[in-house]
Amino acid sequence: MTTPHERIAELGLTLPEVVPPVAAYVPAVQSGNYVYVSGQLPIVGGELLAKGKVGEEVTAEQARDLARQCGLNVLAAIDALVGLEYVVKVVKVVGFVASAPGFTGQPTVVNGASELFGQVFGEAGRHARSAVGVAELPLGAPVEVEAIVEVAVA
């Protein structure tokens, strides 16, 4: 049986450093057997990978890849707090998509994160989800992803 870290490596991905908060909050907090991960932007090495609205400056395909990076940042926050090996279930994912007028592909964009969680955790990665179009996101990001996971540590 492979570990989440091994699955991430098999996907050709690397777990990034935890993205420092851009305001007054922490990346993730544990309450009981649940970890609540703050909204994660597509930031790598301190740099936002893209800016703009999906359907204008950013294509839906690019945004899907950015959502995948947000998902990796979610995993990094979980790993730093409790360890990915303790994840029992990805419970809920919320994806926010900075959308141009008329853009309605939010679910496809957020699939970038959802599919990553399925690849890393298998059946335990299947989750409830919302994909919401918004006018603006922090720093001008096109996408933001937050999550709630159940863990096997108290």
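Values in this document were obtained by computation on a predicted structure and should not be read as measured data.

## Here we look at the nonpolar core
Core analysis: the largest hydrophobic core is formed by 34 residues, its most contacted members being Val-35, Leu-75, Ile-78, Val-109 and Val-143. Only strand E2 (34-40), helix H2 (60-81), strand E5 (87-98), helix H3 (106-121) and strand E7 (143-151) provide two or more residues apiece to this core. The element contributing the most residues to this core is H2, with nine residues. Residues contacting Leu-75, with those up to four places away along its chain left out, are Ile-8, Leu-15, Leu-84, Leu-116, Phe-117, Val-120 and Phe-121. Counting six residues, the second-largest nonpolar core is a separate cluster that includes Leu-41, Ala-98, Leu-137 and Ala-141.

## Quick look at the sheet that holds E7
The strands making up a sheet are joined through hydrogen bonds of the backbone, oriented either antiparallel or parallel. Read from one edge to the other, the open sheet built from five strands follows the order E1-E2-E7-E5-E6, with strand pairing classed as mixed. The open sheet has two edge strands with one neighbour each: strand E1 (28-31) and strand E6 (128-134). Strand-to-strand, the axes of this sheet are offset by a mean angle of 15°, without reference to chain direction. Taken together, the four bridges between E1 and E2 define a ladder with antiparallel strand orientation. Bridged to Ala-28 within E2 is Val-37. Of the strands in this sheet, E1, E2, E5 and E7 touch H2, which is tilted by about 35° from E7. H3 contacts E5, E6 and E7 of the sheet and is inclined by roughly 150° relative to E6.

## Let's talk about the pairing of E2
Successive residues of a regular strand alternate their side chains across the two faces of the sheet. Counting buried residues along E2, five of its seven residues qualify, which places the element largely inside the surrounding structure. In this antiparallel pair of consecutive strands, E1 and E2, the connection spans two residues, and Gly-32 shows a positive phi of 60°. Taken together, the five bridges between E2 and E7 define a ladder with antiparallel strand orientation. Residue pairing in the sheet places Tyr-36 in a bridge with Ile-148 of E7.

## Some details on a nonpolar patch on the surface
Taken together, the side chains of Val-26, Val-29, Tyr-34, Tyr-36 and Val-91 define a hydrophobic patch exposed on the protein surface, amounting to about 400 Å² of accessible area. If you trace the backbone, Val-26 turns up in the loop between helix H1 (4-10) and E1.

## Observations concerning the environment of Pro-138
On the secondary structure map, Pro-138 appears in the loop between E6 and E7. Residue Pro-138 is classed as partly exposed on the basis of its relative accessible area of 36%. Put simply, Pro-138 and Met-1 are 137 residues apart on the chain and 39 Å apart in space, counted from C-alpha to C-alpha. Excluding residues within four positions of it along the chain, Pro-138 makes contact with Leu-41 and Glu-144.

Rules and cut-offs
- Residues numbered from 1 in each chain as written.
- Predicted model: local features only at pLDDT ≥ 70, side-chain atom pairs only at ≥ 80, totals over all residues.
- Heavy atoms only, no water.
- Core = buried A, V, L, I, M, F, W, Y, C linked by side-chain atoms within 4.5 Å.
- Buried < 20%, exposed > 50% of the residue type's maximum accessible area, 1.4 Å probe, protein only.
- Helix = DSSP H or I, 4+ residues; strand = E, 2+ residues; numbered from the N terminus.
- Contact = heavy atoms within 4.5 Å.
- Pairing = 2+ DSSP bridges.
- Axes fitted to C-alpha atoms, helices over the stretch in contact; angles between N-to-C directions.
- Patch = residues over 30% accessible without salt bridge, like charges linked within 9 Å, V, L, I, M, F, W, Y side chains within 5 Å.
- Areas by Shrake-Rupley, 256 points an atom, 1.4 Å probe, with all protein chains shown as cover.
- Salt bridge = Lys/Arg side-chain N within 4 Å of Asp/Glu carboxyl O.

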